[in-house]
Amino acid sequence: MKSIKYTAIFFFAVFIGGVGFIYSGIYPMGADVPHNKLTYWVLETLREQSIARAAKNVVVPANLDDPDRLLAGGADYNDMCSSCHLKPGKMRSDFSEGLYPMPPNLSMQNDEHGHAHELSDEKAAARQFWIIKHGIKASGMPAWGLGHDDERIWSMVAFLQRLPDLSTEQYQIITAREQSEK
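Residues numbered from 1 in each chain as written. Predicted model: local features only at pLDDT ≥ 70, side-chain atom pairs only at ≥ 80, totals over all residues. Heavy atoms only, no water.

**Observations regarding the pattern of salt bridges**
- This structure, assessed with the given rule, holds 7 salt bridges.
- For Asp76, the salt bridge is made with Arg152, and the minimal N-O distance between the two is 2.7 Å. Of the two residues, Asp76 sits in helix H3 (residues 67–80) while Arg152 sits in helix H7 (residues 150–162), which places them 76 residues apart along the sequence.
- Look at Asp76 and you get buried, because its relative accessible area is 4%.
- Between Lys133 and Asp150 there is a salt bridge, and its shortest N-O distance comes to 2.9 Å. Pair noted here: Lys133 is in helix H6 (residues 121–134) and Asp150 is in helix H7, with a separation of 17 residues, a long-range link.
- In this structure, a network of salt bridges that share partners links the residues Glu44, Arg47, Glu48 and Arg127. (Salt bridge = Lys/Arg side-chain N within 4 Å of Asp/Glu carboxyl O. Helix = DSSP H or I, 4+ residues; strand = E, 2+ residues; numbered from the N terminus. Buried < 20%, exposed > 50% of the residue type's maximum accessible area, 1.4 Å probe, protein only.)

Dropping the structure here:
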């Protein structure tokens, strides 16, 4: 009976300490101060495990290599994504530098935050689709699925699959949009 009492006291003290920490305001929330290593690891692990679970049942269409998808997705990427996730030949932007966590540079094969390079092509595509559609809380990544249908999102995924292999010139050609489309 004593052990139950001490366990209850322990958990109550942890709870009170946690509430006190939250309301103290001592944790730095500015985007210019990185999280400590433990907090960063917890948040990144939580994000990656959540995305993996949510994306596991996403069915990847067979026609991701369709040139029409590549062109449609490229133009959307250039308009909606390149200011944060960059493009070939660009290593930073004023906007991407100010975000924390810094968004992955999707034009690079092995960006340290991208994680897609660790997965099979199909799992990477499913992961990218889920992220584009649903966004990521408290990261600056919007949920594009609120205003874009799945076909349009899959076209962006098709483009992302090719992006790291594109030269600056290829990127310019693929992402060009006719003036009448804007």
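**What about the packing of aromatic side chains?**
- In total, this model carries 6 aromatic pairs according to the counting rule given.
- Ring geometry for Tyr77 and Phe159: centres 5.3 Å apart, planes at 40°, overall tilted. Taken together, the residues Tyr77 in helix H3 and Phe159 in helix H7 connect sequence positions 82 residues apart.
- A centroid spacing of 6.4 Å and a plane angle of 85° characterise the contact between Tyr77 and Tyr171, whose relative ring orientation is edge-to-face. (Phe/Tyr/Trp six-rings, centres within 6.5 Å; stacked < 30°, edge-to-face > 60°.)

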